[in-house]
Amino acid sequence: MTPIPHEFAISGVYLPPMLIAALLGIAVALATTRWLDRKRLSRHFFYPPLVSLSFMIIYTVLISTFVVGA
Amino acid sequence: MTLAYAIALAMDWDRPYWAAFAVAFVSLTTVGQSVNKAVLRITGTVMAMAVSLLIISLSAQDRWLFIVLLSLFTSLCVYMLGGQRAGYFWQVGGFVTAIICIDSGPDPTSAFDTAIMRGLETSMGILVYTLVALFLWPNSSRDAFFASTVTLIKSQADVFTHCVQLALGQPPTTTSDKLEAAELQAQSSFDQLLQSAETDTSQVMKEQAGWRQFQTQSTALNAALQHWRDSLGDIPRLQLAQAFPDLEKFTVEISSRLAAIADMQSQQSPRSQPDAVALPADLKALESLSHYDRAGLAVARTHMRSIDKLTRDLFTTVARLRGFAERTDEIEAIRTPRQFALPDRDRLIAAGRVAVMQWAAFLAVIYIGDFPGGFGVVTIATSLGMALVYVPGFKVSSLFAPVAYSISFAGFVYLLVMPQLSSYLQLAPLIFGVTFAICYLFYEPQKMLGRAMGLSLFVMICAISNDQSYSFISITTTAMMFVALFVLLASSIHFPFSMRPEDVFLRMLRRFFHSAQTILDTVADDPERQPKAPQRWLYAFHAREVATLPQKIAAWTAHLNPLNLPPDKPQQAQMLTTSLNLLSVRLAQLSELRASAPESVQVDLRDWRMQMSATLNRFEKAAQRTKPADNSTDPATITGEPGRQLKAKLAGTQGDILNSSEAQEVYQLLGAHRGVAEALTAYGEQAQQINWQALREPRFA
């Protein structure tokens, strides 16, 4: 069962759930690409910037679907 | 800033912060520097006013034509900004056009008023700054300028002493790199101060042509010293002193000339007058050497003669400028020879990147509803793009802290301090205090980014006007806008061209070797056969690439990921670029000599040249991702000897065999070939220490 969409409130300022999902998605994607760089696994990709963008989209969709509920 | 705001508010002008921006961005250390920058800002604004009105009049009803014209003009400005002359004029022209166009785009009827207001407020801000700089805190560049001339000559004397130590086989007291860096620093500081002193120092203003001549001669002396030092590396120890018995006399004479020039620059009488130095060769010593070694000595002597001539010319110029010699005739202004219009690939890439950023911002605002900042994002993307596009290895993350602190600070002033104030008398100390604090804390050139961000975000967020309003949303919107701009800037590092330091480094290396190869291969062996215009144009393009790329590569080398370099030798990449620079200089010398040498002399050396060309081709391939990294130098590359025809020619010469005109022609050309071969070997040795596999691997960051 997927979580119900809800807004985040920080000191009365409401933030959309998609924004939170996108921020988390970018952070996790950056961590993944750093790890791949360190393990020299990035050499197996033809065009890393596009892979990096794909990671960001995939993580954002996954987080918004299963964690935040956007 | 305080006065500019006061006048703009008293006149009830729209957007008084435009006047404040003008003050914030023209302020430099001396009056001359600031006035020069102010002139460029005003002329750039005037050009932008005319161009933006033209763009709006042509495309008032068509947004696509509007952005096409705007991005074309912005690209032109970015391209010109990368040139050597009046870069700031083009920068201002580009971003002010974007400001006026974007500001008036949705409401073209106000375009004329917006353009006039921008010009008026910029001129007023600059006028206020100039008057304050001239009458309240005048800071002329006079003393710094004359001190810089002494520093420059002393740095050249240090380099000369170092060369002498190398030539006489004495242990050098300091390293070449340190001396070269000090010399470059002294020359660049002199160049900047000369420009400023021409505006604010009457003594320099009157003798402008003379000081420009001094600058040209001094730059040429730097190059001659560097060439002499490089040529010494190819000559066995003590061989130079044995071949030229007067070497010591020469070194003493040049040292005393440089000391005398420094004396005159410090307003003291010169301790000696220049004396002639002949540098005859010792025939017995030369006879025991191979043609290859004689060629090396011939090249070294050419450089020494060039140093002799340049120091004598410098002495005469300085004696005239500082009143120690009578002026016999007017010094003519040095004119730069006309060059072909050669496109610069790096400047084209920069123009393309800013255009893509501008388009991306424009499309985002049109297609994403309520985009933070609205069309203001396009303006700021253009300004930021133009300011940062030529910074090698720029990291978006370096903007995070300055922007975050600046927004927090400006937000604090705007929301918590400004509402407590009720008149300009209370606001003025606040503007003065904030501006003073930001300029004081971020005074050093390396903190320029912090100062620019601090001042511009303070002016932007506070949005001081006669109808002052306060809104928390404006601060969060600005913050959100910068997040979007960071995404845009980060994307521009990968698209449309990868600007990762490793990718740029390899791309430039490939270009360098490709152009070097073209230079060796394409020039006709017969100077009688004049190449056609397209060939000359192509040749000039490749020669310019070879001459300029080593400096560009050196700038990017500092940003290479240390993980891709040998752990025990982090300076290896820097050493590689030094050897590249040597190769560039030697190739320029060779192509200069080949342009005038007769065919009979050149044909004998063709095989050797082809060998070197093959080595260059191997180096080019080593910088490609798909080819094996082979940076070895074929032994045949460095064992070139004159062929039968040349040997016969050399055998017929008598007397000072380096001085006979025929032998000199041959030895000069042979020496130039030898120089390129030695430089190729040096590069090959350095390149083999680099882990090319790691450098060529695709990576995320």
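Everything here concerns the structure above.
Attention in this report is confined to the structure presented alongside it. Bear in mind the structure is a predicted one, so any value in this text is a computation, not a measurement.

**Considerations on the pattern of salt bridges**
All names here are of chain B.
Link 1 in the chain: According to the stated counting rule, one finds 20 salt bridges over all chains in the structure shown.
Link 2 in the chain: Where K309 meets D313, a salt bridge forms, and the shortest distance between an N and an O atom there is 2.8 Å. With a gap of four residues between them, K309 and D313 both fall in helix α14 (residues 291-321), about one helical turn apart.
Link 3 in the chain: Residue K309 is classed as partly exposed on the basis of its relative accessible area, which comes to 48%.
Link 4 in the chain: For the salt bridge of R500 with E502, the shortest nitrogen-to-oxygen distance reads 3.3 Å.
Link 5 in the chain: Residue R500 is classed as buried on the basis of its relative accessible area, which comes to 5%.
Link 6 in the chain: Under the relative-accessibility criterion, E502 is labelled buried at 3%.
Link 7 in the chain: What you see here is one network of salt bridges that share partners, running through D344, R345, D346, R511, E545 and K552.

**Comments concerning the nonpolar core**
All names here are of chain B.
Link 1 in the chain: Within the largest apolar cluster, 145 residues are counted, with the highest numbers of intra-cluster contacts made by F482, L485, L509, F513, L583, Y683 and W692.
Link 2 in the chain: Here this core gets 11 residues from one element, more than from any other, and that element is helix α27 (residues 661-687).
Link 3 in the chain: Once you skip the residues sitting within four places of it in the chain, L485 turns out to touch V377, I380, A381 and L384.
Link 4 in the chain: Core analysis: the next-biggest nonpolar cluster, separate from the first, contains 50 residues, V164, A167, L193 and V204 among them.

**Let's talk about the state of the cysteines**
Link 1 in the chain: Counted by the stated rule, this structure contains zero disulfides over all chains.
Link 2 in the chain: Just so you know, C77 of chain B is unpaired, no disulfide at all, and the nearest cysteine sulfur is the one on C101 of chain B, 11 Å from it.

**Regarding a negative patch on the surface**
Link 1 in the chain: On the surface, D12, D14, D113 and D467 of chain B cluster together into a negatively charged patch.
Link 2 in the chain: Assignment of secondary structure puts D113 of chain B in helix α6 (residues 111-136).

**Remarks on the packing of helix α4 (residues 63-81) of chain B against helix α15 (residues 345-367) of chain B**
All names here are of chain B.
Link 1 in the chain: At a minimum axis separation of 8 Å, α4 and α15 run at an interaxial angle of 150°. Comparing the axis directions of α4 and α15 gives the class roughly antiparallel. For α4 against α15, the interelement crossing comes out right-handed. Where α4 abuts α15, its residues R63, W64, F66, I67, V68, L70, S71, T74, S75, V78, Y79 and M80 lie against R347, L348, A350, A351, V354, A355, Q358, W359, F362, L363, I366 and Y367.
Link 2 in the chain: Its residues placed into classes, the contact of α4 with α15 shows 18 nonpolar, four polar and two charged.

Calculation rules
- Residues numbered from 1 in each chain as written.
- Chains lettered and ligands numbered in written order.
- Predicted model: local features only at pLDDT ≥ 70, side-chain atom pairs only at ≥ 80, totals over all residues.
- Heavy atoms only, no water.
- Salt bridge = Lys/Arg side-chain N within 4 Å of Asp/Glu carboxyl O.
- Helix = DSSP H or I, 4+ residues; strand = E, 2+ residues; numbered from the N terminus.
- Buried < 20%, exposed > 50% of the residue type's maximum accessible area, 1.4 Å probe, protein only.
- Core = buried A, V, L, I, M, F, W, Y, C linked by side-chain atoms within 4.5 Å.
- Contact = heavy atoms within 4.5 Å.
- Disulfide = S-S within 2.5 Å.
- Patch = residues over 30% accessible without salt bridge, like charges linked within 9 Å, V, L, I, M, F, W, Y side chains within 5 Å.
- Areas by Shrake-Rupley, 256 points an atom, 1.4 Å probe, with all protein chains shown as cover.
- Lys, Arg positive; Asp, Glu negative; His and termini not counted.
- Charge placed at Lys NZ, Arg CZ, Asp CG, Glu CD.
- Axes fitted to C-alpha atoms, helices over the stretch in contact; angles between N-to-C directions.
- Parallel < 35°, antiparallel > 145°, perpendicular 65-115°, else oblique.
- Left-handed = near helix turned anticlockwise from the far one by under 90°.
- Nonpolar A, V, L, I, M, F, W, Y, C, P; charged D, E, K, R; others polar.

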